[in-house]
Amino acid sequence: MDKRNLQLDDNGQLRHFLTIEGLKRQLLVDILDAAESFTSVTEQTVKKVPLLRGKTIVNLFFESSTRTRTTFELAAKRLSADVLNINVNASATTKGETLLDTQRNLEAMHCDMFVVRHAVSGAAHFIARHAAPHVSVINAGDGRHSHPTQAMLDMFTIRRHKGEFHKLRVAIVGDILHSRVARSQIHALSTLGVEEIRVIGPRTLIPAEAHTLGVHVHHDLRGGLRDVDVIITLRLQHERMGGAFLPSEHEYFQLYGLTEAGLETAKPDAIIMHPGPINRGVEIDSAVADGPRSVILDQVAHGTAVRMAIMAKAMQRLPTPPARELH
Amino acid sequence: MRVRISGGRVIDPANDVDGRLDLFIADGKVVALGRAPDGFAADLQIDATHRIVCPGLVDLRAHLREPGQEHKATIASESRAAAYGGITTLCCPPTTQPPVDSPAVASLIIRRAEAAGLTRVVPLGAMTRGLDGKRLSEMAALRQAGCTGVSNDFGTIENPLILARAMEYAATFDLTVFVNAQDPRLAGNGTVHDGAVCSRLGLSGIPAAAETVAVAGCLALVEQIGVRTHFSLLSTARAAQMIARAQHDGLPVTADVSAHHLHLTENDVLDFDSQCHVIPPLRTLRDRDGLRQWLARGTIAAICSDHQPHEADAKLAPFGETETGISALETLLPLSLRLVDDGVLTLNEMIASLTLRPARILGVEAGDLTPGRRADVCIFDPEHYWVLSRDRLLSRGHNTPFLDWELKGRVTHTLLGGVPVFEHKP
């Protein structure tokens, strides 16, 4: 198998956006800078730029999603692309069509970009590996593996509130094992050079050999949050009670739920993030979710600009240096 | 037909033979080594100068897909690949469709292999009917039909009482029990080793304990029952260590490992390479090195191919949704020779682990060149370098992670019962 970096073209430019792992720091910074310039677009009365005019983008969702799909659609439209939403749950695969057949059919209709969400880890890589030469693939979440656009909008939110990355301590709390968001955040944070990344949770929800991802593992919330600048809490799926990962939501909240009292050891100006949708009273208390340190709604607001930047970058329509020319 | 194989270095571990000797074959049997019998006139002379002449290889695990999955491969197609790989005896697991749980299916496989006439096939019988793990199969009848061992493959028998009885019943008829040790509950729906790579890729993991728990449980039953037991496809160093201890305690247990587990690790799965999707999963570098050590010490007696040919589509999906296994008959010898280059085994040990030892485990007359024995012979050029490419594979399955690897060692002749069934024409 070809072991070159699938995400980059022969000139080292971004072609597919599948995972943060293996991308250079400068590329991530370019995306954040471009997103910064696009936020001004999204705040104008005419919210469009013509960067992807004439391009066709397919949102290929094999797993249901409202927010992610909506922001991708919005991002594509604001770049003046034509957008097709395909919910594959209900169509082809139930008729026995393989993933590759679905992809080839859509390519035959001359689409330029696939935004893919799939319940199986590695699905976006698979599609990218078999994509026609002119097609770009953006991973909108594959199994437990990766959700790189979410991680980038989280990085964008962190940078807006905290400025530089290199002095930050970041804690990710909760179900790391099943979280594609956490994996992408960990890669993004280490690429951007934060001082320390911690993951906090019971051993049943921490992946094997987690330290090889470059994180410190904590099982105690208060100790793990000591002196951190950023706290990211993850959604706890109700199914986890079934697989004997946890005894009850009640005990989980007691131990790992974010409450005002539990945040005492963190830095006073620490920000609270959550990739959503939130379970109030399970992983986070309402007082924290709606409190002054919460930036959860900022994350949502930044979703469109960051995805515009990633799509434009992957289609190589982002002038370099990107931010300057657009201002 | 009388054949003289001259000028080669004959290595026959069973008889402690290693030297430049001529091998004489008549009427399908080895008749002499070294000096020609009086009045021997060869009908066929094979020049084996600079080659190694050894017993035909014995492969303890190769899926042939017939009956039931002829869209993947057939006994005829895979027999060709086996002859090409120097394999003259191969053992196929009972996982055909229908499974080998009746003498009819066992005889069908043996007959079709005989019709193809390129390699000898010994099927393993199913331990339970339909491999359901609940009802015993008619093992005495399977033995009569030609099975020397029984197995439930990875369809583990979950109830230890049923496993114990199946072992006792198998022991009654002098059948060897072949075990694929993997606890199905611990393995769950895992696809890769539960370790660093699994965590990175977000795939679901199969912990090493899935193997060690199953081996421990099985060893306890072997101790009680005393049935001859063979552990097939070890993947962890820890399991091999447990088997070493059991052997030290005098239990009648043996083990094998696949050639790919001796070369690949979990890291080869990075990039979601579905060609490396195998069960048991590729483990850590430490496990790979540990398996090599236990092979060198003889605890693991044999190297097998675990050949699993697939049609292209079986591997064309995201990693976790692909079918498991590697098409491996034709890389068995070169990958084993690589172990000699890596200093793991001597050439003689390597040949023993592909011939004499697996033949003894399987309980068949093969794997040696003793005069009077059936003349199954493999002749190979140990210094021939070649690059594995799709169009070189004779197997119907082109699914291998070793494509583009430079391999050393090439079979030049294979003789089955004294008859040349493959000759490499440069």
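Counting starts from 1 at the beginning of each chain's written sequence and moves along it residue by residue. The naming scheme follows written order: chains are lettered A onward, ligands numbered 1 onward. Where local features are concerned, this predicted model is filtered to residues with pLDDT of at least 70; where side-chain atom pairs are given and counted, the filter is 80 or more; whole-chain, interface and lining totals use all residues. Hydrogens are left out, water is left out, and the side-chain values use all remaining heavy atoms of the structure.

## Notes on the interface of chain A and chain B
Argument step 1. Facing the 24 residues of chain A at the interface are 19 residues of chain B.
Argument step 2. Note that Arg-129 of chain A and Asp-271 of chain B form a salt bridge whose closest N and O atoms lie 3.6 Å from each other.
Argument step 3. What qualifies as a polar contact is a pair of N or O atoms within 3.5 Å, subject to a donor-acceptor requirement within protein and to the restriction that residues adjacent in sequence count only when both atoms come from side chains. At the boundary of chain A with chain B, the tally comes to five residue pairs in polar contact (both at pLDDT 80 or more).
Argument step 4. Segments assigned H or I by DSSP are reported as helices when at least four residues long, segments assigned E as strands when at least two residues long, and all are numbered from the N terminus. Of all the secondary-structure elements, those providing two or more residues to the side of chain A that touches chain B are helix H3 (99-108), helix H4 (123-129) and helix H6 (180-191) of chain A. Any pair of residues with heavy atoms lying within 4.5 Å of one another is described as a contacting pair. A pairing counts as a salt bridge when a side-chain nitrogen of Lys or Arg comes within 4 Å of a carboxyl oxygen of Asp or Glu.

## Things to note about the side chain of Ser-204 of chain B
Argument step 1. Considering the arrangement of structural elements, one finds Ser-204 of chain B in the loop between helix H6 (196-201) and strand E15 (205-206).
Argument step 2. A polar contact is formed between the side chain of Ser-204 of chain B and the backbone oxygen of Asn-189 of chain B, at a distance of 3.3 Å.
Argument step 3. Beyond its immediate stretch of four places on either side in the chain, Ser-204 of chain B contacts Arg-144 of chain A together with Asn-189, Gly-190, Thr-191, Val-192 and Cys-198 of chain B.

## Focus on the nonpolar core
As a rule of thumb, soluble globular proteins bury nonpolar side chains together.
Argument step 1. Of all hydrophobic cores here, the largest spans 103 residues; its most connected members are Met-167, Phe-231, Leu-234, Ile-300, Ile-303 and Phe-380 of chain B.
Argument step 2. When residues in this core are grouped by element, the largest group, seven residues, is from helix H7 (residues 209-225) of chain B.
Argument step 3. Apart from the residues lying within four places of it in its own chain, the contact partners of Met-167 of chain B are Met-127, Val-177, Cys-218, Leu-221, Val-222, Ile-225, Val-227 and Thr-229 of chain B.
Argument step 4. Here, the term nonpolar core denotes a set of buried Ala, Val, Leu, Ile, Met, Phe, Trp, Tyr and Cys residues that are joined through side-chain atoms within 4.5 Å. The cut-offs for exposure are 20% and 50% of the maximum accessible area for each residue type, with area from a 1.4 Å probe on protein chains only; residues under the lower value are buried, those over the upper are exposed, and the others partly exposed. Counting residues in each nonpolar core, the second largest holds 66 residues, with Phe-61, Phe-72, Val-230 and Ile-232 of chain A among its members.

## Regarding H7 of chain B
Residues and elements named next belong to chain B.
Argument step 1. Look at H7: 24 Å from first C-alpha to last across 17 residues, which is about the 24 Å you get at 1.5 Å a residue.
Argument step 2. If you check which residues of H7 are buried, you get Ala-210, Glu-211, Thr-212, Ala-214, Val-215, Cys-218, Leu-219, Leu-221, Val-222 and Ile-225.
Argument step 3. Once H7 finishes, Gly-226 follows within two positions and takes phi at roughly 75°, a positive value. Expected span, for any helix, means 1.5 Å times one less than how many residues it has.

## Concerning the pattern of salt bridges
Argument step 1. Overall, the coordinates contain 36 salt bridges over all chains when judged by the stated rule.
Argument step 2. Arg-280 of chain A is paired through a salt bridge with Asp-290 of chain A; the nearest N and O atoms lie 2.9 Å apart. With a gap of 10 residues between them, Arg-280 of chain A in the loop between strand E9 (271-273) and helix H9 (286-289) and Asp-290 of chain A in the loop between H9 and helix H10 (296-314) connect regions that are remote in the sequence.
Argument step 3. Linking Arg-4 of chain B and Asp-22 of chain B is a salt bridge whose minimum nitrogen-to-oxygen distance equals 2.8 Å. Of the two residues, Arg-4 of chain B is situated in strand E1 (residues 2-6) and Asp-22 of chain B in the loop between strand E3 (17-20) and strand E4 (23-26); the sequence distance between them amounts to 18 residues.
Argument step 4. Looking at Arg-4 of chain B, the relative accessible area reads 26%, which means it is partly exposed.

## Here we look at the domain arrangement of chain A
Residues and elements named next belong to chain A.
Argument step 1. With domains assigned, chain A is organised as domain 1 (5-145 + 301-314) and domain 2 (148-299).
Argument step 2. Every contact between the two is made by 34 residues of domain 1 and, on the other side, 27 residues of domain 2.
Argument step 3. Note: buried area is the sum, over both parts, of the accessible area (probe 1.4 Å) each one loses when the two are combined. The contact between domain 1 and domain 2 buries some 2,600 Å² in all, and 59% of this surface belongs to carbon and sulfur atoms.
Argument step 4. In terms of surface lost to domain 2, no three residues of domain 1 exceed Leu-32, Arg-144 and His-302, which account for 28% of the buried area on that side.
Argument step 5. Taken together, the links from domain 1 to domain 2 amount to four salt bridges.
Argument step 6. Put simply, Arg-159 and Asp-33 hold a salt bridge, and the shortest N to O gap is 3.0 Å.
Argument step 7. Connecting domain 1 to domain 2 are 16 residue pairs in polar contact (both at pLDDT 80 or more).
Argument step 8. The leading source of residues in the side of domain 1 that touches domain 2 is helix H1 (residues 25-43), at nine residues.
Argument step 9. Ten residues, namely Ala, Val, Leu, Ile, Met, Phe, Trp, Tyr, Cys and Pro, are considered nonpolar, four, namely Asp, Glu, Lys and Arg, are considered charged, and the remaining ones, Gly among them, are considered polar. When the residues that make up the side of domain 1 that touches domain 2 are grouped by side-chain class, the tally is 14 nonpolar, nine polar and 11 charged. What fixes the domain bounds is an automatic or database domain assignment.

## Examining empty space enclosed by the protein
Residue and element names in this part refer to chain B.
Argument step 1. Buriedness of a pocket was judged along seven lines, with at least five required to meet protein on both sides within 12 Å; pockets are open sets of points on a 1 Å grid over the protein atoms alone, cavities are sets where a 1.4 Å probe fits but cannot get out, and lining residues have an atom within 4 Å of a point. Grid points are joined across faces, edges and corners, and a volume is the space filled by probe spheres set on the points. Considering all chains together, one arrives at five cavities of 30 Å³ or more under this definition.
Argument step 2. By volume, the largest cavity amounts to about 80 Å³.
Argument step 3. If you go around the largest cavity, the residues you meet are Tyr-84, Gly-85, Glu-330, Leu-333, Pro-334, Trp-386, Gly-409, Arg-410, Val-411 and Phe-422.
Argument step 4. Mapped by element, the contributors of at least two residues to the lining of the largest cavity are helix H10 (332-341) and strand E20 (406-416).
Argument step 5. Top contributing element to the lining of the largest cavity by residue count: E20, with three residues.
Argument step 6. Considering only residue class, the lining of the largest cavity consists of six nonpolar, two polar and two charged.
Argument step 7. Approximately 50 Å³ is the volume attributed to the second largest cavity.

## A few points about the sheet that holds strand E7 (residues 216-218) of chain A
Residue and element names in this part refer to chain A.
Argument step 1. The criterion for strand pairing is that DSSP finds at least two bridges linking the strands in question. The sheet built from five strands is open, its strands ordered E7-E6-E5-E8-E9 with parallel pairing. Of all the strands in the sheet, just E7 and E9 have a single pairing partner and so form its edges. Averaged over all pairs of adjacent strands, the angle between strand axes in this sheet comes to 20°, irrespective of strand direction.
Argument step 2. Two elements, strand E6 (residues 196-200) and E7, share three bridges in a ladder whose sense is parallel. Paired with Val-199 across the two strands is Val-217, which belongs to E7. Every axis in this analysis is a line fitted to C-alpha atoms, fitted for helices over the stretch in contact. Angles between the N-to-C directions lie between 0 and 180 degrees.

## A few points about the confidence of the model for chain A
Argument step 1. Here pLDDT means the predictor's own confidence in every residue, given as a number from 0 to 100. Per-chain confidence: chain A averages 90 in pLDDT, with 94% of residues scoring 70 or above.
Argument step 2. Within the model, the stretch residues 322-327 of chain A combines pLDDT values under 50 with eight contacts to residues more than four positions away or in other chains.

## Concerning unusual backbone geometry
All names here are of chain B.
Argument step 1. The step from Gln-97 to Pro-98 runs through a cis peptide bond, and the omega angle for that step is 0°.
Argument step 2. With respect to the helices and strands, the residue Pro-98 is situated in the loop between strand E9 (87-92) and helix H2 (103-116).
Argument step 3. A cis amide bond, omega -5°, links Ile-279 with the succeeding residue Pro-280.
Argument step 4. Tracing the backbone through its elements, the reader meets Pro-280 in the loop between strand E17 (253-258) and helix H9 (285-296).
Argument step 5. In this structure, Leu-131 is a non-glycine residue whose phi angle is positive, near 55°.
Argument step 6. Positionally, Leu-131 belongs in the loop between strand E11 (125-126) and helix H3 (139-145).
Argument step 7. Of note, the phi angle at Asp-271 is positive, near 85°, even though the residue is not glycine.
Argument step 8. Assessed through its relative accessible area of 24%, Asp-271 is described here as partly exposed.

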